[in-house]
Amino acid sequence: MNANSGPRVTNRVPEERWTPTGTLRLDGHVAIVTGAGSRSDVTFPKVGVGAACALNLASAGAKVAAIDIDPHAIDRTMAWAGDSAANLIPIVADVRSQVDCARAVESVVDKFGALTVLVNNVGIVGTPGTVVDTSLDTWRSVMDINLTSVLLMCKYAIPAMVANGGGSIVNISSIGAIRGFGSTGYAASKGGMLSLGTSMAYAHGRDGIRVNTVLPGHVSTPMGAPSTDEAELIRLRGSMLGTEGTAWDVANAVAFLGSDAARWITATAIPVDGGASMATGLAMYKYMNSGQEQP
Ligand SMILES: NC(=O)c1ccc[n+]([C@@H]2O[C@H](COP(=O)([O-])OP(=O)(O)OC[C@H]3O[C@@H](n4cnc5c(N)ncnc54)[C@H](O)[C@@H]3O)[C@@H](O)[C@H]2O)c1
């Protein structure tokens, strides 16, 4: 399509891309996914990253604890589990709370006898702003939810994993960690996830713990992206592939990193963004203005 003919008004992500596509198996694994709930305005399969990760891991055979602060949000995700429902358990917890994080890990180990995969997915953007106009309250709240939560979950998850011979931690950061983004606290917290991940990978590699970070681009989720025609057009044109990504694309990378197939992969940071973060603005300019996107 040529942009000169105006934005397409149909859904630009074909329906088949909105479903789990992974073929990996994670039978025998026990996973925790934080922020796995779904907002009330979400409809399956157009779910958020955390819900896609939990549903994907459960359909791949893992036992999965879906953690969220909002019990109704977890119920929504659980209702979409279909045949994998037996693999999912809900845990209501606030990942800002040390007590809640400790209890969540303890209850998973009590129920399933082990913990092998932790997906630190909870995240908020907070109020966008520069260092000049970001309030200390906003900064602290974004850091608490996005970064300190990773410390707290890992503080309890790592000993539980070590007790069972090791495990895999996957942090959901953002390309906002490595490129100008416009939201000071968000960018700093997501950058902190990268260095915390590397630090944990180093410190616990000999314990059999792998730690990797996934950096989603502007995928089409309720949190990350307005679903206006213009926003969709910009997202798909801004990727090298000329297609728009979904939460399931992120979830497939997470499932791989969590699985035994990634046993020699640690301390990496993998963008899942259709190549967007590796192209210069100037190079993408012709695509932003002339289309050539893929179906
Ligand atoms: N959507 C995108 O385009 C995009 C891009 C880059 C990175 N990401 C990252 O992906 C992650 C998840 O995005 P999403 O689309 O699933 O978001 P989402 O808003 O759909 O889901 C986040 C969930 O976290 C829960 N939550 C919030 N605070 C919590 C707390 N203190 N304790 C427990 N649960 C809490 C919410 O109730 C919600 O269900 C975030 O870390 C985000 O930064 C998203």
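Please refer to the structure placed before this passage.
Rules behind the numbers
- Residues numbered from 1 in each chain as written.
- Predicted model: local features only at pLDDT ≥ 70, side-chain atom pairs only at ≥ 80, totals over all residues.
- Heavy atoms only, no water.
- Pairing = 2+ DSSP bridges.
- Helix = DSSP H or I, 4+ residues; strand = E, 2+ residues; numbered from the N terminus.
- Axes fitted to C-alpha atoms, helices over the stretch in contact; angles between N-to-C directions.
- Contact = heavy atoms within 4.5 Å.
- Buried < 20%, exposed > 50% of the residue type's maximum accessible area, 1.4 Å probe, protein only.
- Near = heavy atom within 4 Å.
- Polar contact = N/O pair within 3.5 Å; in protein donor to acceptor, adjacent residues only side chain to side chain.
- Areas by Shrake-Rupley, 256 points an atom, 1.4 Å probe, with all protein chains shown as cover.
- Nonpolar A, V, L, I, M, F, W, Y, C, P; charged D, E, K, R; others polar.
- Parallel < 35°, antiparallel > 145°, perpendicular 65-115°, else oblique.
- Left-handed = near helix turned anticlockwise from the far one by under 90°.
- 1 Å grid on protein atoms, 1.4 Å probe; cavity = no way out; pocket = protein on both sides within 12 Å on 5 of 7 lines; lining within 4 Å.
- Points joined across faces, edges and corners; volume = space filled by probe spheres on them.

Student: Quick question: what am I supposed to make of the sheet that holds strand 1 (residues 30–34) here?
Tutor: Whether parallel or antiparallel, the strands of a sheet pair through hydrogen bonds between backbone atoms. Sheet architecture is open: seven strands sit in the order 3-2-1-4-5-6-7, paired in parallel fashion. In the strand order of this sheet, the two ends are held by strand 3 (88–92) and strand 7 (269–272), each with one partner. On average, each strand axis in the sheet is inclined to that of its neighbour by 20 degrees, with strand direction left out of account. The sheet contacts of helix 4 (residues 136–162) involve strand 1, strand 2 (63–68), strand 4 (117–120), strand 5 (167–172) and strand 6 (209–216), and relative to strand 4 the element is tilted by about 175 degrees.

Student: How do you make sense of the pairing of strand 1 when you look at a structure like this?
Tutor: Successive side chains on a regular strand alternate, one facing one side of the sheet and the next facing the other. With five of its five residues buried, strand 1 lies for the most part within the structure. Side chains of strand 1 alternate between two faces, with Val30, Ile32 and Thr34 and Ala31 and Val33 buried alike. With five bridges joining them, strand 1 and strand 2 adopt parallel strand pairing. By the bridge assignment, Ala31 is partnered in strand 2 with Val64.

Student: Mind showing me how you'd approach the site of the ligand here?
Tutor: Around the ligand, a shell composed of 26 residues is seen, among which Asp68, Asn121, Tyr186, Lys190 and Thr221 lie nearest. Gly217 is positioned with one of its backbone polar atoms (N or O) 3.5 Å from an oxygen atom of the ligand. Compared with its free state, where it exposes 850 Å², the ligand has 92% of that area covered by protein. At the level of elements, helix 1 (49–59) and helix 5 (184–204) are the ones that each hand at least two residues to the shell around the ligand. Looking at the shell around the ligand residue by residue, the class counts come to ten nonpolar, twelve polar and four charged.

Student: Please explain the packing of helix 1 against helix 7 (residues 247–258) as it appears in this structure.
Tutor: A pair of packed helices is captured by two measures, namely the crossing angle of their axes and the spacing between those axes. Two elements in contact, helix 1 and helix 7, have axes whose closest approach is 8 Å; the angle formed by their N-to-C orientations is 50 degrees. In terms of orientation, helix 1 and helix 7 fall into the oblique class. Considering only the axes of helix 1 and helix 7, their crossing is right-handed. Counting all contacts with helix 1, which are made through Val49, Ala52, Cys53, Leu55, Asn56 and Leu57, the residues of helix 7 involved are Ala247, Trp248, Val250, Ala251, Asn252, Val254 and Ala255. For the contact of helix 1 with helix 7, the residue count by class is eleven nonpolar, two polar and no charged.

Student: Quick question: what am I supposed to make of empty space enclosed by the protein here?
Tutor: In the structure shown here, the tally under the stated rule is one cavity of 30 Å³ or more. Taken as a whole, the largest cavity holds about 30 Å³ of empty space. Along the walls of the largest cavity sit Thr34, Val95, Asn120, Val122, Asn146, Ser149, Val150 and Met153, which together make up its complete lining. In terms of residues, the lining of the largest cavity owes the most to one element, helix 4, which gives four residues. For the lining of the largest cavity, the class distribution of residues is four nonpolar, four polar and no charged.

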